[in-house]
Amino acid sequence: MLWQANNPTHIVFGERALKSQGSLLKGLGKRVLVVTGQGGSAQRNGAQDDVIKAFKSAGISKHAVFAEVEPNPSVHTLRRGAQAAQEIKADIIVAIGGGSPMDAAKGIAVLALEDLSEEALFELRYRKALPIVAVPTTAGTGSEVTGSAIISSPLYQNKKNIGGPLLYPRIAFLDPRYTYDNPRQLTLDTALDAYAHALESYLAFRSNPISDTYSLRSLGIMGECLHMLSEAREYTPKERERLLLGSLLSGLAISITGVSMPHGMSYPLTYNRDIPHGRALSYIIPAWMSWIMRVSRNQRMQNALRASGFNTLAEMEGLLRALGGVAPKLSEQEREQYLQLTLDSKNVFNGVVFPQREDVKALLDDIFQ
Ligand code: NAP
Ligand code: ZN
């Protein structure tokens, strides 16, 4: 079997990561556009202050803040961000926040240099991007170490990936302190996302020995974390650090393999029903795994369950439901529409088993009817 693994992101992990290693920013650029969410969390959790202090130590003379990224960012937001980048002639983009600001920053890094139509952007017809630095403040997406950026597209009426090798952050600064104030619901939704990444990577057609090393380790960590999260209480700094580590390892795993059917199936649900990404995945994962078990004797299913501390699929399903809740009912028309959108996403064919149209339809009916 021929396989490859290449992740170019320099990772700095631990408390005060920016304070101790901020000088790594030296030489990347002189004028920075800082991209954050619209809710102000980057200011409240201290990440934005730390980033700006690091600019001083790295000799960065000019910066502006674009604080307009909404959850599940749209192409329109990317365009406004690109304009802000052009106004200060930014030569580097620094993202602070969850997956939404990090993904938006990747799109802004492209559109600041090239004025592309929405179609051209989603067909990945870009040739350059500004360097990106990522500072995650949630523990789930792993976007700080992936070349992916999932953007809401009015044209395609769905969330779609504009990712490619140019979009890997140059540096990821992961400081668990920025996640301490994640509210419970956000903590659950993002942990479910990280768990799904580990599972989908381990069960991906493109998995290889390096991605397996990341995904199995993350299944262990995230499995423990999901059990811990069933207790509604304050989590300790050590526990927050474990969540961030699991998310990072899952991100590294999917940076090699990509994600598969659950992600492809979840995007229409988030686009149309505004259901947070990780929660949407939790509705889909158990039925998807049960389908794989029925149609294949793949040993990896048992390995994945065991690695994350479950004896049976039913046990896993019970915990995911306790954390993510119950899937909404969708009309026949909605299910038909989501079927086509799921089949249109390339992810759907990246699992250990290739689905037929009827398989995807049966899964959608099973989960959402
Ligand atoms: P998010 O959409 O970035 O943020 C959700 C909410 O959490 C926002 O209101 C945000 O507020 C808030 N928040 C962020 N950090 C916080 C903190 N430290 N304390 C309190 N609140 C905080 O959430 P996410 O789950 O991290 O990202 C989801 C997005 O990532 C989706 O669009 C998904 O498709 C994408 N994703 C990308 C990848 C990839 O590889 N590129 C992988 C998985 C998912 P603010 O407005 O203040 O930021
Ligand atoms: Zn995800």
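Structure shown above.
Residues numbered from 1 in each chain as written. Chains lettered and ligands numbered in written order. Predicted model: local features only at pLDDT ≥ 70, side-chain atom pairs only at ≥ 80, totals over all residues. Heavy atoms only, no water.

**Student:** Whenever I open this one, the coordination of the zinc ion (ligand 2) confuses me. Can you help?
**Tutor:** Between any two of four tetrahedral donors, the ideal angle at the metal is 109.5 degrees; between two of six octahedral donors, it is 90 or 180 degrees. Coordination sphere of the zinc ion (ligand 2), protein contribution only: D193 (OD), H197 (NE2), H263 (NE2) and H277 (NE2), at 2.1 Å. With 4 donor atoms in place around the zinc ion (ligand 2) and angles of 81 to 169° between them, the coordination shape is irregular. Binding-site remark: the zinc ion (ligand 2) is held by donors from one chain whose sequence spacing is D-x3-H-x65-H-x13-H. Within this pair, whereas H197 is found in helix 7 (residues 184-202), its partner H277 is found in helix 11 (residues 277-295), the two being separated by 80 residues in sequence. (Donors = N, O, S within 2.8 Å, 3.2 Å for Na, K, Ca; no water. Tetrahedral: all angles 85-135°; square planar, octahedral: opposite > 155°, others 65-115°. Helix = DSSP H or I, 4+ residues; strand = E, 2+ residues; numbered from the N terminus.)

**Student:** Any chance you could explain the site of ligand 1 here in plain terms?
**Tutor:** Around ligand 1, a shell composed of 30 residues is seen, among which S41, S100, T137, T138 and K159 lie nearest. One of the side-chain nitrogen or oxygen atoms of S100 is found 2.5 Å away from an oxygen atom of ligand 1. In isolation ligand 1 has 940 Å² of accessible area, and contact with the protein removes 88% of it. When residues of the shell around ligand 1 are traced back to their parent elements, those giving at least two are helix 5 (99-111) and helix 7. Of the residues in the shell around ligand 1, the class split is 6 nonpolar, 20 polar and 4 charged. (Near = heavy atom within 4 Å. Polar contact = N/O pair within 3.5 Å; in protein donor to acceptor, adjacent residues only side chain to side chain. Areas by Shrake-Rupley, 256 points an atom, 1.4 Å probe, with all protein chains shown as cover. Nonpolar A, V, L, I, M, F, W, Y, C, P; charged D, E, K, R; others polar.)

**Student:** What is the right way to look at the environment of Q48 in this model?
**Tutor:** Examined against the element boundaries, Q48 turns out to sit in helix 3 (residues 47-57). When the C-alpha positions of Q48 and V65 are compared, they lie 9.5 Å apart, and in sequence the two are 17 residues distant. Among residues more than four places away in sequence, those in contact with Q48 are T36, A42, Q43, V65 and I96. (Contact = heavy atoms within 4.5 Å.)

**Student:** Explain the sheet that holds strand 2 (residues 31-37) here, please?
**Tutor:** Backbone hydrogen bonds are what pair the strands of a sheet, in a parallel or an antiparallel way. Taking strand neighbours across the sheet as the criterion, the 6 strands line up as 1-8-5-4-2-3 in an open arrangement whose pairing is parallel. Two strands bound the open sheet, and with one partner strand each, they are strand 1 (10-13) and strand 3 (62-69). Averaged over neighbouring strand pairs, the angle between their axes works out to 15° when direction is ignored. Helix 5 contacts strand 2, strand 3, strand 4 (92-97) and strand 5 (132-136) of the sheet and is inclined by roughly 165° relative to strand 4. (Pairing = 2+ DSSP bridges. Axes fitted to C-alpha atoms, helices over the stretch in contact; angles between N-to-C directions.)

**Student:** Please explain helix 15 (residues 357-368) as it appears in this structure.
**Tutor:** At 3.6 residues per turn, the α-helix brings residues three or four places apart onto the same side. Between its terminal C-alpha atoms helix 15 stretches 16 Å, which fits the 16 Å expected from 12 residues at 1.5 Å a residue. Restricting attention to buried positions, one finds in helix 15 the residues V360, L363, L364, D365, I367 and F368. In this structure, the buried side of helix 15 is in contact with helix 10 (261-273), helix 11 and helix 14 (332-344). (Expected span 1.5 Å × (residues − 1). Buried < 20%, exposed > 50% of the residue type's maximum accessible area, 1.4 Å probe, protein only.)

**Student:** Got a minute to help me understand the pairing of strand 5 in this structure?
**Tutor:** Two faces belong to every sheet, and in a regular strand the side chains alternate between them. In terms of residue burial, strand 5 counts as a mostly covered element, since 5 of its 5 residues are buried. Neither face of strand 5 is open: one carries I132, A134 and P136, the other V133 and V135, and all of them are buried. Sheet topology note: the strand 4/strand 5 ladder contains 5 bridges and is parallel. Residue pairing for strand 5: G97 is matched across the bridge by P136. As paired elements, strand 5 and strand 8 (residues 171-174) share 2 bridges and run parallel to each other. Residue V133 lies in a different strand from strand 8, and its bridge partner there is I171.

**Student:** Help me out: how do you make sense of a nonpolar patch on the surface in this one?
**Tutor:** Together, M1, W3 and I210 make up a nonpolar patch on the protein surface, roughly 350 Å² of accessible area in all. Examined against the element boundaries, M1 turns out to sit in the segment before strand 1. We classify M1 as exposed; its relative accessible area is 80%. (Patch = residues over 30% accessible without salt bridge, like charges linked within 9 Å, V, L, I, M, F, W, Y side chains within 5 Å. Salt bridge = Lys/Arg side-chain N within 4 Å of Asp/Glu carboxyl O.)

**Student:** Is there a simple way to think about the pattern of salt bridges in this case?
**Tutor:** Side chains carrying opposite charge are able to pair once their charged atoms draw close together. The full count for this structure, using the stated rule, is 18 salt bridges. Measuring nitrogen to oxygen at the nearest pair gives 3.9 Å for the salt bridge that ties D91 to R31. Taken as a pair, D91 in the loop between helix 4 (75-87) and strand 4 and R31 in strand 2 lie far apart in primary sequence, 60 residues in all.

**Student:** Help me out: how do you make sense of the packing of helix 8 (residues 209-229) against helix 12 (residues 299-307) in this one?
**Tutor:** When two helices pack together, their arrangement is given by the angle between the helix axes and the distance between those axes. Interaxial distance between helix 8 and helix 12 falls to 7 Å at its minimum, and their mutual angle equals 45°. Our classification of the angle between helix 8 and helix 12 gives oblique. Residues D212, L216, L219 and G220 of helix 8 pack against R300, A304 and A307 of helix 12. (Parallel < 35°, antiparallel > 145°, perpendicular 65-115°, else oblique.)

**Student:** Is there a simple way to think about the environment of H10 in this case?
**Tutor:** By secondary structure assignment, the location of H10 is in strand 1. Separated by 158 residues in the primary sequence, H10 and Y168 have C-alpha atoms spaced 9.9 Å apart. Apart from the residues within four sequence positions on either side, H10 is in contact with L24, R170, I171 and A172.

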